[in-house]
Amino acid sequence: MARAYRPTNLYYVNRSTQDRLVVDRVRLRLDTKETFAQTVLERLLEPPTEALRGAVTTSFPPGIKIESIRSGEDRVIINLSGELDTLDLSAEETLRGQIRNSLNKNEIAKGRIIEIMVDGESYTVDRPDTVDQWLDDDVRDSAYYVDKGAVHYLTKDGGGGAVAGAAGEEHEGFGHFAVSAGPNPLIAAKTSTGISVAGLAPEGAWQEVVQGADLTPPTWNRDGTLWTYDGKNGVLLKYDPARGQAEPVEVPAELDELDVNRFRIARDGVRVAVTTGENTVQIGALTGEGAGTKLGNLQLLTTTETGNEIKDIAWRDDEHLLVLAQGTAGQTLNEINVGDGETTGVPLKDRLESVAAFQDQVLADVATKGGTKLIVLSPDQQTWTTKIEKKGGAPLLPLG
């Protein structure tokens, strides 16, 4: 008799920051002796998949067991056994968030109350209208674009004015811009001598924070740090604006032998996409905590045919990466689920220069005879519409 498996999204906690849930894609074997809800929660008691090993953790304390799960019209009652600190409100909130999202995202408990009990005694109750901060990482869909080295706001109607400060002024030699998240975002740009950063404020001035002639384009982490890979010295660098200095981060030994040209951190602050050579994308994770954070778990995600070139990559969300490739037959834009490798092609009409994404919003720029056109992917994911006909530029969305 064939074994039945079901692709499932499980949620674990960011080990480094403890402030966000990270999705892990697994294939769960269905057991006729227990409900799917119990199968999901039993799997949460185990370590995550190898891709996230060391990068995330579970909120279930050691020794906890799933005794039973009962479902009614308006609630799901989960009975656990083991030691839980009933006075630790932070642990309670984390456990509730991990259970709720792992069940809801798999269509198990949507719209129903989730009641968690320990040894038959009430522990906590999660209601359907509970505010879910675990998947809200303070990233907004604020969009920007770069025209002649000057950063501009993108409005619903199209092009907006330049941002305040030096970032809104034209600068030759500035490229590969990146914007951080939060209420006071920072803009980073690559130059011939390093990476410079400026605030979006009238007094904001460019300041070179990382030096190097062979750096990958800057990428922001959700914790406010700026990252880049120094190809000349074979070192991954993390710059913390609060500390004002760049520090090296440990990487796998094999990375030193590869030509790293892009390094992008996903919005979950854990997953990382690395392009090596002209046509290969690898996925890794930031493992460890604090000063012990390092890059690990590198795995091949995709590679294009010899002679093709990966032109750009962009995280759409925590789980999906857009890969823009250029070949002799033209361009392809693929959306890849990094959990299971499932690939979906995005139709293209124009030749794209770069791409930026955040959830449902996908932007790209196109070089035309009249200038640079900025286009947006329609909700049906099948067509593109023009946002700015002329004087557009490379789009920017926070993180990713």
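Each remark here, short or long, concerns the structure printed above.
Procedures and definitions
Residues numbered from 1 in each chain as written. Predicted model: local features only at pLDDT ≥ 70, side-chain atom pairs only at ≥ 80, totals over all residues. Heavy atoms only, no water. Helix = DSSP H or I, 4+ residues; strand = E, 2+ residues; numbered from the N terminus. Rg over C-alpha atoms; globule rule 2.2 N^0.38 Å. Buried < 20%, exposed > 50% of the residue type's maximum accessible area, 1.4 Å probe, protein only. Contact = heavy atoms within 4.5 Å. Areas by Shrake-Rupley, 256 points an atom, 1.4 Å probe, with all protein chains shown as cover. Pairing = 2+ DSSP bridges. Axes fitted to C-alpha atoms, helices over the stretch in contact; angles between N-to-C directions. Core = buried A, V, L, I, M, F, W, Y, C linked by side-chain atoms within 4.5 Å. Polar contact = N/O pair within 3.5 Å; in protein donor to acceptor, adjacent residues only side chain to side chain. Salt bridge = Lys/Arg side-chain N within 4 Å of Asp/Glu carboxyl O. Expected span 1.5 Å × (residues − 1). Phe/Tyr/Trp six-rings, centres within 6.5 Å; stacked < 30°, edge-to-face > 60°.

K.L.:
Could you clarify how one ought to interpret the overall build of the protein in this entry?
P.N.:
In terms of helices and strands, the protein carries two helices and 31 strands. For 400 residues, the compact-globule formula gives about 21 Å, and the C-alpha radius of gyration of the protein, at 23 Å, lands near that figure. Dimensions along the principal axes, computed over C-alpha positions, put the protein at roughly 70 × 45 × 45 Å. Counting every position in the protein, which comprises 400 residues, the buried fraction comes to 52%. Intrachain contacts of the protein at a sequence separation of at least 6 include 49% that bridge at least 24 residues. Entry remark: accessible area of the protein is about 19,100 Å², with carbon and sulfur atoms responsible for 45%.

K.L.:
For this particular structure, what's the right way to read the sheet that holds strand β26 (residues 343-346)?
P.N.:
Across a sheet, strands are paired by hydrogen bonds formed along the backbone, either parallel or antiparallel in direction. Judged by pairing direction, the sheet is antiparallel, and its four strands sit side by side in the order β23-β24-β25-β26 without closing on themselves. Only two strands of the sheet have a single partner each, and these edge strands are β23 (309-315) and β26. Strand-to-strand, the axes of this sheet are offset by a mean angle of 25°, without reference to chain direction. Direction of pairing for β23 relative to strand β24 (residues 320-327): antiparallel, over a ladder of six bridges. Bridged to I313 within β24 is V323.

K.L.:
What am I meant to see in the nonpolar core here?
P.N.:
Grouped burial of nonpolar side chains is what soluble globular proteins tend to show. Ranked by size, the top nonpolar core spans 32 residues in total, and within it V40, L41, F60, I78, L80, I99 and L103 carry the most contacts. Of all the secondary structure elements, the ones that give two or more residues to this core are β1 (5-14), β2 (21-29), α1 (36-44), β4 (65-71), β5 (75-81), α2 (89-104) and β6 (113-118). If one sorts the elements of this core by residue count, α1 sits on top with five residues. Not counting residues up to four positions away in its chain, the partners in contact with F60 are L44, L45, I66, L80, L95, Q98 and I99.

K.L.:
Just to check I follow, could you spell out the sheet that holds strand β30 (residues 384-388) for this structure?
P.N.:
Taken together, the four strands give an open sheet; going across it, the order is β27-β28-β29-β30, and neighbouring strands pair in antiparallel fashion. Looking at strand neighbours, the two that pair on one side only are β27 (352-358) and β30, the edges of this open sheet. Pairs of neighbouring strands in the sheet enclose a mean axial angle of 30°, with direction left out of account. As judged from the six bridges shared by β27 and strand β28 (residues 361-368), these two strands associate in the antiparallel manner. When the bridges of β28 are listed, F358 appears paired with Q361.

K.L.:
What is the right way to look at the side chain of S59 in this model?
P.N.:
Structurally, S59 can be placed in the loop between β3 (56-57) and β4. What makes S59 buried here is its relative accessible area of 16%. Engagement of the side chain of S59 in a polar contact is seen with the side chain of Q98, the distance being 2.4 Å. Non-local contacts of S59, meaning those with residues more than four positions away in its chain, are made with V13, T94, L95 and Q98.

K.L.:
I'm lost on the pattern of salt bridges in this one. Help?
P.N.:
Side chains carrying opposite charge are able to pair once their charged atoms draw close together. Counted under the stated rule, the structure contains 13 salt bridges. Put simply, D268 and R271 hold a salt bridge, and the shortest N to O gap is 3.5 Å. Looking at D268, the relative accessible area reads 0%, which means it is buried. By relative accessible area, which is 5% here, R271 ends up buried. Among the ionic contacts, a cluster of salt bridges with common partners joins E92, R96, R100 and D126.

K.L.:
Just checking my understanding: could you explain α1 for this structure?
P.N.:
Residue pairs three or four apart in sequence face the same way in an α-helix, which turns once every 3.6 residues. Among the nine residues in α1, eight count as buried, and that is most of the element. Turning to α1, its buried residues are F36, A37, Q38, T39, V40, L41, R43 and L44. If you follow the buried residues of α1, they end up packed against β1, β2, β4, β5 and α2.

K.L.:
Help me understand α2 in this model?
P.N.:
With 16 residues, α2 should reach 22 Å at 1.5 Å per residue; the first-to-last C-alpha distance of 22 Å fits that figure. Every buried residue of α2 is listed here: E92, T94, L95, R96, G97, Q98, I99, R100, N101, S102, L103 and N104. Residues of α2 that are buried in the fold lie against β1, β2, α1, β5, β6 and β7 (121-126).

K.L.:
Can you help me understand the packing of aromatic side chains in this one?
P.N.:
When we look at a pair of aromatic rings, we describe it by the centre distance and by the angle of the planes. Taken as a whole and judged by the stated rule, the model has four aromatic pairs. Between F177 and W206, the aromatic rings sit 6.2 Å apart at their centres with planes inclined by 65°, giving edge-to-face as the arrangement. Of this pair, F177 sits in strand β11 (residues 175-179) while W206 sits in the loop between β13 (194-199) and β14 (207-211), and the two are 29 residues apart along the sequence. Under the relative-accessibility criterion, F177 is labelled buried at 11%. Accessibility expressed as a relative area gives 17% for W206, which makes it buried. When the ring of W227 is compared with that of F263, the centres are 6.3 Å apart and the planes differ by 20°; the resulting orientation is stacked. Here W227, found in strand β16 (residues 226-230), pairs with F263, found in strand β19 (residues 260-265); they are 36 residues apart in sequence, far enough to count as distant. Residue W227 shares its accessibility class with F263, and that shared class is buried. Through pairs of rings, three or more aromatic residues link up here, namely F174, F177 and W206.

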